[in-house]
Amino acid sequence: MAAAPPCCAVRVRGAGGGDGDGGGSGLVLSRRPGLVLCHAAVFAPFLRAGPAAWAGSAALPPSALRPCPRLSVVLRGEADGLRELEARLLALVPCAPFRRALERGLGRAERWRFGAEEEAAGTDPRALPWFAWLRVPGLDAAEGGWAARASAGCLRKGQTLLACGSPFGDLCPELFLNTLSRGVVSNLAGEENALVLTDARCLPGTEGGAAFVPSPAGPRAVAVIAASLCWKGAEWVGLTLLCSLAAILRSSAAVLGEAGIAVPPLPAWVAAVPASGGRDPLGWTALVECGATWGSGVLLAPRMLLTCRHVVEARAPLRVTPAAGAGQDAAAVLWGRVVFATEESSPFDVAVVELEESVPGFVPPCLASTFLPGEEVSVVGFGALGRACGPSVTAGILSAVLAVAGRPVMLQTTCAVHGGSSGGPLVSSRSGCLMGIVASNTRDTGAGATYPHLNFCIPISVLQPLVARYRRTGDPAAFAELNRAGDGVRAAWQLQQRPGPPSKL
């Protein structure tokens, strides 16, 4: 980003100091008048009605706090110094479209938590859709105006985002003020994409900061950070939850109007940055459901799909739902049957599925032939919000290529991979080619922790000759070679290079 991001840290101090003191991040939206938008969770200790106030649907005035805390914002000053400006609260405002998207996409049955690993220490989920408007007279500037903005409705999965916030809020702005993190749009939900998930890595205290999209005229604020850390059951998801800035502004129209503040309209459209070299990996990805088990799959032909054995081993009727690409309508559910699955003793966790009908308009992926450690890659799969909102996209690098006798047998990546992503495609961000299929992430059985950014994929170079033989002969025995892997391959996939105690991973 060429220009400094219009962000700040927000300080909240009780009348006597101590209990209730806190802080977070904020977005400087206007300098005529001076306005800062931040997340409302920092005001939780001061609510007269307590946590029950978050259940309401009407904006809360300053009188809803007891007493109203002292507020200030910390910004970069001239000559790299800091300056602190007094602020006053205009109102706490709920974002109704974001709340509806949360209820639909992150249902209670999925046991989502935000902000901390310990359930009691996390953010009250009822507070997530609430935001605070601060009036900062010290920001007023005669030549000032509104920050460049964009509508989240133009976002596409896989598009680059830059997140800006201050880790740990106002704790040490000299070090952490306006830290940047780069990621992609992982998933979208709600009216005009009111809810956005990104794999940009944000820390506690960045709530209230902003996410920006590139545009020809420079970066534009598109969303506000609502939760920096997400947990789904016992699994750390490693994604950041964002709320559309346009949705917040629509929900705040009455409050801002009462204060005499006119919000300029958003630009009608900002071009999305194409992902994966212009190819759309969403067109190769499918949801695979087998009884109560579900995962992802990669379409290699109009009636052929690869997935993982553990996704389909329930031997129940198989339902395959191809993902809809950008601008496409939702695809119909297709029935399939497993024509081959590797044995449990095989290091390769693979199943081949034939569909009863062809996928209309299917364009097969190009297949990668080289794997360069350090190259940028992305994973597409039905983890995280998958079943509710289609496949998620996460980005990272190819962190390692494990080879046996000069032949790649395992790929490791830093993409965030979640339960439900198994069988999904690994794609080169440079060429858009299919590099492999996701087999697993990593779980520490001792600590009970899952590491989404350490995961393992089967190289497509292992599978491509077998797929070609099967398509030529129609004989599933073409894949039997996967059950006859040598000791070196088995060692790589068992996470052990030599005999010894069982790995805890």
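Rules used throughout
Residues numbered from 1 in each chain as written. Predicted model: local features only at pLDDT ≥ 70, side-chain atom pairs only at ≥ 80, totals over all residues. Heavy atoms only, no water. Core = buried A, V, L, I, M, F, W, Y, C linked by side-chain atoms within 4.5 Å. Buried < 20%, exposed > 50% of the residue type's maximum accessible area, 1.4 Å probe, protein only. Helix = DSSP H or I, 4+ residues; strand = E, 2+ residues; numbered from the N terminus. Contact = heavy atoms within 4.5 Å. Disulfide = S-S within 2.5 Å. Phe/Tyr/Trp six-rings, centres within 6.5 Å; stacked < 30°, edge-to-face > 60°. Lys NZ or Arg CZ within 6 Å of the ring centre and 35° of its normal. Pairing = 2+ DSSP bridges.

A.B. asks: Before we move on, can you summarise the nonpolar core with the specific residues and values?
C.D. replies: Judged by nonpolar contacts, the single largest core of 61 residues is most densely connected at Phe-348, Ile-458, Leu-463, Phe-479 and Leu-482. For this core, the element with the most residues is helix 7 (residues 460–473), which contributes six residues. The residues touching Ile-458, leaving out its near neighbours within four places in the chain, are Phe-348, Asp-349, Val-350, Met-435, Gly-436, Ile-437, Ala-439, Leu-463 and Trp-493. Grouped together as the second largest cluster of nonpolar side chains are 47 residues, Leu-90, Leu-102, Trp-133 and Ala-194 included.

A.B. asks: I'd love a proper account of the environment of Gly-190, names of residues and values included.
C.D. replies: Note that Gly-190 resides in the loop between strand 9 (179–189) and strand 10 (195–198). Note on Gly-190: relative accessible area 43%, which makes it partly exposed. With 88 residues separating them in the primary sequence, Gly-190 and Leu-102 have C-alpha atoms 8.2 Å apart.

A.B. asks: Can you break down the state of the cysteines residue by residue, with the values?
C.D. replies: Among covalent bonds in proteins, the disulfide is the one between the sulfur atoms of two cysteines. This structure, assessed with the given rule, holds one disulfide. Between the sulfur atoms of Cys-366 and its disulfide partner Cys-433 the distance amounts to 2.3 Å. Disulfide Cys-366 to Cys-433: torsion about the S-S bond roughly -110°, handedness left-handed. With Cys-366 in the loop between strand 21 (351–355) and strand 22 (376–381) and Cys-433 in the loop between strand 25 (425–428) and strand 26 (434–444), this pair connects stretches of sequence that are 67 residues apart. On the basis of relative accessible area, Cys-433 is assigned to the buried category, the value being 13%. Of the cysteine sulfurs around Cys-95, a residue in no disulfide, the closest is that of Cys-243, at 3.8 Å. In this structure Cys-95 comes out as buried when scored by relative accessible area, which is 1%. In this model Cys-202 remains outside any disulfide bridge; the closest cysteine sulfur is found in Cys-164, 9.2 Å from its own.

A.B. asks: Now, about the packing of aromatic side chains: what can you tell me, with residues and values included?
C.D. replies: With the rule as written, the count across this model stands at six aromatic pairs. Plain terms: the ring middles of Phe-168 and Phe-176 are 5.3 Å apart, the flat faces sit at 70° to each other, and that makes the pair edge-to-face. For Phe-176, a relative accessible area of 26% puts it in the partly exposed group. Members of the aromatic cluster, connected to one another through ring pairs, are Phe-340, Tyr-470 and Phe-479. Sitting over the ring of Trp-335, Arg-319 keeps its end group 5.9 Å from the ring centre.

A.B. asks: Please provide a residue-by-residue account of unusual backbone geometry, values included.
C.D. replies: Omega for the bond connecting Arg-32 with Pro-33 falls within 30 degrees of zero, at 5°, which places this linkage in the cis form. Mapped onto the elements of the fold, Pro-33 is located in the loop between strand 2 (22–31) and strand 3 (34–39). Positive phi outside glycine occurs at Phe-168, with the angle close to 65°. If you check the backbone angles, Asn-178 has positive phi at about 60° while not being a glycine. As for its position among the elements, Asn-178 is in the loop between helix 2 (173–176) and strand 9. Of the residues examined, Asn-178 reaches a relative accessible area of 15% and is grouped as buried.

A.B. asks: So what's going on with the pairing of strand 8 (residues 160–165)? Which residues, and what values?
C.D. replies: Among the six residues in strand 8, six count as buried, and that is most of the element. Residues Thr-160, Leu-162 and Cys-164 of strand 8 are buried on one face, and the alternating residues Leu-161, Ala-163 and Gly-165, pointing to the opposite face, are buried as well. Pairing geometry for strand 8 and strand 9, over six bridges, is antiparallel. Across the sheet, residue Thr-160 finds its bridge partner in strand 9, namely Val-184. Where strand 8 meets strand 11 (residues 210–213), three bridges bridge the pair, whose relative direction is antiparallel. Each residue of the ladder has a partner; that of Ala-163, found in strand 11, is Ala-211.

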